[in-house]
Amino acid sequence: MSPGGIAVEGVEKRFGAFEALKGVSVAVPNGSLTALLGPSGSGKSTLLRVIAGLEQPDAGRVLIAGQDATAVTPQKRGVGFVFQHYAAFKHMTVERNVAFGLKIRKKQKEEIAARVDRLLELVHLQGFAHRYPSELSGGQRQRMALARALAVEPEVLLLDEPFGALDATVRKELRTWLRRLHEDVHVTTIFVTHDQEEAMDVAQQIVVMNDGLIEQVGSPRDLYEQPANEFVMGFVGEVNRLGDDLVRPHDIEILLEPDGNAREGQIERVAHLGFEVRVELVLDDGRRLAVQTTRQDAEERELESGQIVYLRPDGARRFVGP
Amino acid sequence: MRAASGIQRYGLRFVALGYLAALLMVPVTIVLFRTFEDGLGPPLEAIASPDGQHAFWLTLVCVGIAVPLNTIFGVTAALVLVRHEFRGKAILNTIVDLPFAISPVVIGLALLLVYGRNGWVGQDLIDAGIQVIFSTPGMVLATIFVSLPFVVRETMPVLQEIGDEQEQAASTLGASGWQTFWRITLPSIRWGVAYGIVLATARALGEYGAVSVVAGRISGQTETLPLFVENEFTNFNLAGAYAAAIVLALLALAVLLGMNLLKRKEREA
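Draft legend 1. Local environment of unusual backbone geometry. All names here are of chain A. Residues other than glycine seldom take positive phi values, yet Y86 does so here, at roughly 70 degrees. Mapped onto the secondary structure, Y86 falls in the loop between β6 (79-82) and α3 (94-104). Overall, the presence of 25 C-beta atoms within 10 Å leaves Y86 in the buried class.

Draft legend 2. How the structure looks around the sheet that holds strand β15 (residues 276-283) of chain A. Residue and element names in this part refer to chain A. Taken together, five strands build an open sheet; the order of strands is β13-β17-β14-β15-β16 and the sheet is antiparallel. Across the chains shown, the open sheet's two edge strands, defined by having one partner strand only, are β13 (252-255) and β16 (288-294). Going from strand to strand, the sheet's axes swing by 45 degrees on average, the running direction of each strand aside. Examined bridge by bridge, strand β14 (residues 263-273) and β15 share eight bridges and lie antiparallel to one another. The partner of G265 across the bridge, within β15, is L283.

Draft legend 3. Focus on the pairing of strand β17 (residues 308-313) of chain A. Residues and elements named next belong to chain A. Of the two faces of β17, only one is covered, namely that formed by V309, L311 and P313; the face formed by I308, Y310 and R312 stays uncovered. Sheet topology places β13 next to β17; four bridges connect them, and they run antiparallel. Opposite L255, over in β17, you have Y310 as the bridge partner. Summarising the sheet, β14 and β17 pair through four bridges and their orientation is antiparallel. When the sheet's bridge partners are listed, G265 is paired in β17 with V309.

Draft legend 4. Spotlight on the environment of A46 of chain B. Residues and elements named next belong to chain B. Looking at where A46 falls in the secondary structure, it is placed in helix α2 (residues 41-48). On the neighbour-count criterion, A46 (22 C-beta atoms within 10 Å) is buried. Sequence spacing of A46 and T29 is 17 residues, and the spatial spacing of their C-alpha atoms is 20 Å. In this view, A46 contacts G52, E232, N237, A239, G240, A243 and A244; residues no more than four positions away in its chain are not counted.

Draft legend 5. Focus on the domain arrangement of chain B. By domain assignment, chain B separates into domain 1 (1-35) and domain 2 (42-268). Partitioned by chemical class, the residues of the side of domain 1 of chain B that touches domain 2 of chain B number three nonpolar, one polar and one charged.

Draft legend 6. Just the packing of helix α10 (residues 165-172) of chain B against helix α11 (residues 177-206) of chain B, in detail. Residue and element names in this part refer to chain B. At a minimum axis separation of 10 Å, α10 and α11 run at an interaxial angle of 160 degrees. Regarding the angle of α10 to α11, the classification is roughly antiparallel. For the element pair α10 and α11, the recorded crossing hand is right-handed. Residue-level contacts link Q166, E167, A170 and S171 of α10 to T180, R183, I184, T185 and S188 of α11. For the contact of α10 with α11, a count of residues per class yields two nonpolar, five polar and two charged.

Draft legend 7. Local environment of the nonpolar core. Membership of the largest hydrophobic core comes to 78 residues, with the highest contact counts inside it found for I51, A147 and L158 of chain A. With residues near it in sequence (within four places) discarded, A147 of chain A still touches V98, L119, L120, L122, V123 and L125 of chain A. Counting residues in each nonpolar core, the second largest holds 58 residues, with V132, L141, Y195 and V198 of chain B among its members.

Draft legend 8. Structural view of helix α6 (residues 168-185) of chain A. All names here are of chain A. Along its 18 residues, α6 runs 25 Å from first to last C-alpha, staying within 8% of the 26 Å computed at 1.5 Å per residue. Listed as buried for α6 are L174, R175, L178, L181 and H182. Projected down its long axis, α6 shows its buried positions confined to an angular sector of 125 degrees, all on one face. In α6, those exposed residues whose orientation departs by more than 90 degrees from the buried face are T169, T176, R180, E183 and D184. Contact partners of the buried residues in α6: β3 (33-37), α5 (138-151), β8 (188-193) and α7 (196-202). H186 lies just past α6 and shows a positive phi near 60 degrees.

Draft legend 9. Spatial organisation of the confidence of the model for chain B. All names here are of chain B. This prediction gives chain B a mean pLDDT of 87; 97% of its residues lie at or above 70. When pLDDT is averaged over each element of chain B, helix α9 (residues 149-162) comes out on top at 95 and α2 at the bottom at 78. ipTM for the predicted complex: 0.85, alongside a pTM of 0.82.

Draft legend 10. Fine view of the pairing of strand β4 (residues 59-64) of chain A. All names here are of chain A. Across five bridges, the pairing between strand β1 (residues 6-15) and β4 is antiparallel. Bridged to E9 within β4 is R61. Alignment of β4 against strand β5 (residues 67-68), held across two bridges, turns out to be antiparallel. When the sheet's bridge partners are listed, I64 is paired in β5 with Q67. Linking two consecutive strands that pair antiparallel, namely β4 and β5, is a turn of two residues; a positive phi of about 50 degrees is found at A65 within it.

Draft legend 11. The interface of chain B and chain A, seen in detail. Listed by partner, the interface residues are 15 residues for chain B and 19 residues for chain A. Elements represented by at least two residues in the side of chain B that touches chain A include exactly α10 and α11 of chain B. Examining the composition of the side of chain B that touches chain A, we find that seven residues originate from one element, α10 of chain B, more than from any other.

Thresholds applied
Residues numbered from 1 in each chain as written. Chains lettered and ligands numbered in written order. Predicted model: local features only at pLDDT ≥ 70, side-chain atom pairs only at ≥ 80, totals over all residues. Helix = DSSP H or I, 4+ residues; strand = E, 2+ residues; numbered from the N terminus. Buried ≥ 20, exposed ≤ 12 C-beta atoms within 10 Å, placed from the backbone. Pairing = 2+ DSSP bridges. Axes fitted to C-alpha atoms, helices over the stretch in contact; angles between N-to-C directions. Contact = placed C-beta atoms within 7 Å. Domains from an automatic or database assignment. Nonpolar A, V, L, I, M, F, W, Y, C, P; charged D, E, K, R; others polar. Parallel < 35°, antiparallel > 145°, perpendicular 65-115°, else oblique. Left-handed = near helix turned anticlockwise from the far one by under 90°. Core = buried A, V, L, I, M, F, W, Y, C linked by C-beta atoms within 7 Å. Expected span 1.5 Å × (residues − 1). Arc of directions from axis to C-beta. pLDDT = per-residue confidence, 0-100.

Structural data, given as structure tokens:
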């Protein structure tokens, strides 16, 4: 493990009868930007909170920068945490929110003022220092929360569904911005998301979780091209099932004439989604699937609903059942 | 349809205002009127009498001890009841409401049973030189008892509403539990606490039953304002009774006004 990174070893956590984490081990390299990706209830937020010290694991340990931090309180752990619903200090101005951690550390007034100014500039909130959180939009509040977390120069930055409460446009904007911020600040960052596109877009490394366990760890490209199992394949992108084979919509070729073992299907709908076209089909056995193709291809071959075509999967995967 | 709803609306207002007028405003106005029937002299004299003054100060002492103690206890209990899970939580939650449910006279009797001469610890305390019953400590205890639930009950919903994310955020930023309480939790719940304090003060000011049982009602010694009012009244010193009643009413009114100001501030916040 690299010196500044995080290691989670055999962490288990249960809430009453519910097992949130069933023995999770993962290493996060120093300075990396890592996503914890999974459906709700997969344990990703619990894992993040265990790393922050906001939850105590029932078993296992957490190492931060090589030191066992399992028994260290969040207060002393040196992590910055950003909550989905911002957790803004409502009775404080933006400036005082950001300065909070520095005041607790009893820094000099001038030093605090200078650092707060710099951070507000970093998160593009220069003009908002004297506003209250209730006077900010969701995106601005979340940027304020980020500045507040960064103010204490944490060794680790943890974000729990940071963009989950924001609308789609702001969410896209903020995730680009988070990636750039990480390039500037270079603090080891872990963020939780259930949105595979968000994870793929922002993270260098993705940890896919399901049902309290880690399914796969890898780069966005690895996960998409080499999914370890059916769950990962289905979670990181759309999947069609052809018999025992799983195949991505863009890995199916549409043929106008029968050819060898190509499956017959009838086009149900052709949806134009801009550059790409999504063709929805019904197979002879009644199963439905979707194929992605380019607009040019669809127009050249005049694909339209009702048409009978033949489908040849290219690059299908088959996962042997457990 | 509209006409009917108009009649309904005015009917409702008539009932509500009529009820308030008949049961609250008319009696209070009559007290006010009676007090100054013979000019300012008699009521002022009654209030300025040593017994009257003593009653006034004793009331302030009882309120001044009971309300701060109940505030500290109330905020602590609310934090425990909202933020912690433990066995017996439901029981504690119910016990907090006991003073609402039990008649003040019964509370007074209960205090007698514990601290009275023949009570559970009464004799031991008297031997130690502490007289609780028929003395100020007993009256303070009775006041604490009856005004206990207000701060807890007003603070709990606010604590629930703000959640604990802000506190968690403060802890990840390096704040200790104590720092988090003073800098984050208390400022967030301050209006709820203030509202509870106002209600507790109003209740403590006016408490008659429980205090009456434990006081022994020695004029100039164990008489709070409400007891003084009753005493003057039964001694046919009506001017004194009315005057003290007015003072009490003014204190209560000031507290209620304070409460309304707080409410307005809370809405703005």
